[in-house]
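# Descriptive structure summary
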Amino acid sequence: MKQGLFKITKNIPLTDSVYLMVLEGDTSDITVPGQFINIKLDGQFLRRPISVCDVSNKDVTIIYKVVGHGTELMSGYTNETIDVLTGLGNGYDTSLSGDRPVLLGGGVGVPPLYLLAKKLIEEGKKPSVILGFNTKNEIFYEDEFRRLGADVYVTTVDGSYGIKGFVTDALKSIDYTYFYTCGPEPMLKAVHKASTTSGQLSFEERMGCGFGACMGCSCKTLTGYKRICKEGPVMLKEEILWEK
Amino acid sequence: MGKMSVNLCGITLDNPVIPASGTFGFGYEFAELYDINILGTFSFKGTTLNSRFGNPTPRIAECTAGMINAVGLQNPGVDKVISEELVKLKKCFNKKVMANVSGFSVDEYVETCRLIDACEQVGWLEVNVSCPNVHGGGMSFGTLPESAAEVTRAVKKVTTKPVILKLSPNVTDIVAIAKACEEAGADGISLINTMLGMRIDLKSKKPVIANKMGGFSGPAIFPVAVRMVYQVSSAVKIPVVGMGGVSTAEDVVEMMLAGATAVEVGAANLVNPYACRDIIEDLPRVMEKYRIDSLESIIGGAH
């Protein structure tokens, strides 16, 4: 983990409620796809944890949805310099993927899969990507994934674009060696159940600190208590214990 | 003794800054960020006799100038704390640590303290009779003078280490409880634990926290903490450890003027992992600005 000041160089809407922000600063602690950063906002006490979508040696890209007061504030930022903790969370392990992993993202669960797809392709693997949204005007990053060279499938719940239904509906026709997923918990549960291989799931929880100090985001797993922020957010399929 | 050093129940602290229990784990996570030996000491994660997962999530809520937590004393249990956590801590912390202990019966407090008493690394026992997030224990011992005194007496019988009772602000008369603890043999009092609070989400129209209520902490509660530290330190002769919303070196000085011998820093650690280091590094500047030669000399200075 590193604390640093980052300058916002881009903050643009991708859809009605989803924004893309680019932050320039020391990114050296962001080493694995699936990690997150924790952002200090003026007037807010707790930081806001947001997953990393892409990273270079000079900046980090995040994609966030305006869901509450904090993210609403973020959407109004232009070129501010903000305090960010980087290199948080375990991230996805690409060594287990096999040749043809499938990546399933739902809504703002899509962004961390971008850096993951990039890494997998760099490693010479051929990932398929299923992006799930509610409706056509909520779709983002389809073209970006295609440009990486991934096989991209888009699903919409209302059928207004791509395959009608959920990401699990698209999964049925895909031949895959392993899965990686991130999205709302009902989706993670459905993917966990529908998947025929092993895989990794990235979870979300309200956090206090984001670096393992407060025990605010703990969960029970088959391998013991884990902190979503520290031992997670990525968990192995085999260790997940669904409680709720 | 240095200009910043204070004596807490017979043990000298290089400075009065102590990360509060529950915001600093067992120290080693922060040791990856900076040398935690610069701290006065720290109070480790609240430990109970048996391991606890704590409350369901969400456990955390944002507030104006603060936060609510309802973690519920998640900890691996005293045996693992001694055999694993303290062993890991020893590699990065060479000072005496403050052991924070909680329980659900007098016997549990006693057994946990008895086991920790054998740990050479531990300098003080901070006995938490004020956790707002557990039912049938914790805070219930700290809301009545008689039960707080009963825990104090029982614990004192099984340890030779200084015993500091950590009190709740969620009471009608904190002074009466502090005095009862002093009469029962407490070596010190620490206060305030979090204030019982609640947030409701306007979208779901339900409480934000799964446990509905939780402990409110952060800068918003600082004035309440200063007031209670002032009141309690006026009424007891034993040292008072002040806490509640402390975030800056100025806050540390203010808390000491109110009567605190040492000062714990809690929620600030969760927002700025370097908070305690920053405060310690800033203390000399603040002392110079307000013409303070030694911190020990200002304890209770506002009385």
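Residues numbered from 1 in each chain as written. Chains lettered and ligands numbered in written order. Predicted model: local features only at pLDDT ≥ 70, side-chain atom pairs only at ≥ 80, totals over all residues. Heavy atoms only, no water.

### Observations concerning the overall build of chain B
- Scanning chain B for helices and strands turns up 10 helices and 15 strands.
- In terms of overall size, chain B behaves like a compact globule, its C-alpha atoms giving a radius of gyration of 18 Å where 303 residues would be expected to give roughly 19 Å.
- Seen along its three principal axes, the alpha-carbon backbone of chain B occupies a region of about 50 × 50 × 40 Å.
- In chain B, buried positions account for 62% of the 303 residues. (Helix = DSSP H or I, 4+ residues; strand = E, 2+ residues; numbered from the N terminus. Rg over C-alpha atoms; globule rule 2.2 N^0.38 Å. Buried < 20%, exposed > 50% of the residue type's maximum accessible area, 1.4 Å probe, protein only.)

### A short note on the pattern of salt bridges
- Evaluation of the coordinates by the stated rule reveals 22 salt bridges over all chains.
- For A:D175, the salt bridge is made with A:R100, and the minimal N-O distance between the two is 2.9 Å. Here the residue A:D175 occupies a position in the loop between α4 (167–171) and β11 (178–182), and A:R100 occupies one in the loop between β6 (81–88) and β7 (101–106), the gap between them amounting to 75 residues.
- What makes A:R100 partly exposed here is its relative accessible area of 35%.
- Across the pair B:E29 and A:R227 runs a salt bridge, and its minimum N-O distance is 3.0 Å. (Salt bridge = Lys/Arg side-chain N within 4 Å of Asp/Glu carboxyl O.)

### A short note on the layout of surface pockets
- Each pocket or cavity is described by its volume, and for the second largest pocket that value is around 500 Å³.
- Forming the boundary of the second largest pocket are 20 residues, of which A:M215, A:Y225, B:Q74, B:P76 and B:E85 lie nearest the centre.
- Those elements giving two or more residues to the lining of the second largest pocket turn out to be β14 (224–227) of chain A together with α1 (28–31) and α2 (78–90) of chain B.
- The leading source of residues in the lining of the second largest pocket is α2(B), at 4 residues.
- Taken together, the residues of the lining of the second largest pocket sort by class into 5 nonpolar, 5 polar and 10 charged. (1 Å grid on protein atoms, 1.4 Å probe; cavity = no way out; pocket = protein on both sides within 12 Å on 5 of 7 lines; lining within 4 Å. Points joined across faces, edges and corners; volume = space filled by probe spheres on them. Nonpolar A, V, L, I, M, F, W, Y, C, P; charged D, E, K, R; others polar.)

### Some points on unusual backbone geometry
- Residues B:T57 and B:P58 are joined by a peptide bond in cis, for which omega reads 0 degrees.
- Within the fold, B:P58 resides in the loop between α1 and β4 (60–63).
- Cis geometry is adopted by the peptide bond preceding B:I192, which originates at B:L191 and carries an omega value of 5 degrees.
- You can see B:I192 is positioned in the loop between β9 (188–191) and β10 (195–198).
- With a phi close to 65 degrees, A:M215 is a non-glycine residue in the positive phi region.
- For B:L73, which is not glycine, the phi dihedral falls at a positive 60 degrees.

### A few points about the packing of helix α7 (residues 222–235) of chain B against helix α8 (residues 249–258) of chain B
Residue and element names in this part refer to chain B.
- Contact geometry for α7 and α8: axes closest at 8 Å, N-to-C directions at 30 degrees. On the basis of the axis angle, α7 is roughly parallel to α8. Taking contact as the criterion, the partners of F222, A225, V226, V229, Y230 and S233 in α7 are, on α8, D251, E254, M255 and A258.
- Its residues assigned to classes, the contact of α7 with α8 comprises 7 nonpolar, 1 polar and 2 charged. (Axes fitted to C-alpha atoms, helices over the stretch in contact; angles between N-to-C directions. Parallel < 35°, antiparallel > 145°, perpendicular 65-115°, else oblique. Contact = heavy atoms within 4.5 Å.)

### Here we look at the domain arrangement of chain A
Residue and element names in this part refer to chain A.
- Taken as a whole, chain A is organised into domain 1 (2–88) and domain 2 (94–202).
- Once you take the C-alpha centre of each, domain 1 and domain 2 turn out to be 23 Å apart.
- Contacts between the two partners involve 15 residues from domain 1 and, on the opposite side, 13 residues from domain 2.
- Buried area between domain 1 and domain 2, summed over both chains or domains, comes out near 1200 Å², and the portion from carbon and sulfur atoms is 70%.
- Scanning the region where domain 1 abuts domain 2 turns up 1 salt bridge.
- Residue D54 is joined to K118 by a salt bridge in which the shortest nitrogen-to-oxygen separation is 2.8 Å.
- Taken together, the links from domain 1 to domain 2 amount to 2 residue pairs in polar contact (both at pLDDT 80 or more). (Domains from an automatic or database assignment. Buried area = accessible area lost by both parts, 1.4 Å probe. Polar contact = N/O pair within 3.5 Å; in protein donor to acceptor, adjacent residues only side chain to side chain.)

### A look at the pairing of β14(A)
Residues and elements named next belong to chain A.
- Direction of pairing for strand β13 (residues 218–221) relative to β14: antiparallel, over a ladder of 4 bridges. From the neighbouring strand, T221 faces β14, where its bridge partner is G224.
- The antiparallel hairpin formed by β13 and β14 contains 2 residues in its connecting segment. (Pairing = 2+ DSSP bridges.)

### A short note on helix α5 (residues 185–194) of chain A
All names here are of chain A.
- Three or more residues of α5 are buried, namely M187, L188, V191 and H192. Looking straight down α5, one finds its buried side chains confined to an arc of 140 degrees; they lie on one side. Opposite its buried face, α5 presents the exposed residues P186 and K193, each directed more than 90 degrees away.
- Looking at the buried side of α5, the elements it contacts are β7, α4, β11 and β12 (199–202). (Arc of directions from axis to C-beta.)

### Section: the sheet that holds strand β3 (residues 17–19) of chain B
Residues and elements named next belong to chain B.
- Across the sheet, 7 strands lie side by side as β3-β15-β14-β9-β8-β7-β6; this open sheet has parallel pairing. Because the sheet does not close on itself, it has two edges, and the strands there are β3 and β6 (97–101). Sheet twist, expressed as the average angle between the axes of neighbouring strands with direction ignored, equals 25 degrees.
- The pairing of β9 with strand β14 (residues 240–243) spans 3 bridges and is parallel.

### Things to note about the nonpolar core
- Membership of the largest hydrophobic core comes to 125 residues, with the highest contact counts inside it found for B:I36, B:F44, B:V127, B:L167 and B:L191.
- With 7 residues, helix α10 (residues 275–289) of chain B is the largest single contributor of residues to this core.
- Inspection of this core shows a minimum of three residues originating in each of domain 1 (2–88) and domain 2 (94–202) of chain A.
- Counting residues in each nonpolar core, the second largest holds 28 residues, with A:Y92, A:F145, A:L148 and A:V154 among its members. (Core = buried A, V, L, I, M, F, W, Y, C linked by side-chain atoms within 4.5 Å.)

### Quick notes on the packing of aromatic side chains
- For the structure shown, the criterion picks out 17 aromatic pairs over all chains.
- Ring centres of A:Y92 and A:Y180 lie 5.5 Å apart, and the angle between their planes is 90 degrees; on these two criteria the pair is classed as edge-to-face. Taken as a pair, A:Y92 in the loop between β6 and β7 and A:Y180 in strand β11 lie far apart in primary sequence, 88 residues in all.
- Note on A:F211 and B:F30: the rings are 5.6 Å apart at their centroids and 80 degrees apart in plane angle, and the pair reads as edge-to-face. With A:F211 in the loop between β12 and β13 and B:F30 in helix α1, this residue pair bridges two chains. With respect to class, A:F211 is no different from B:F30; both count as buried.
- What links up through ring pairs into an aromatic cluster is the set A:Y114, A:F133, A:F140, A:Y141 and A:F145.
- Just above the ring of B:F53 sits the side chain of B:R59; from NZ or CZ to the centre is 4.7 Å. (Phe/Tyr/Trp six-rings, centres within 6.5 Å; stacked < 30°, edge-to-face > 60°. Lys NZ or Arg CZ within 6 Å of the ring centre and 35° of its normal.)

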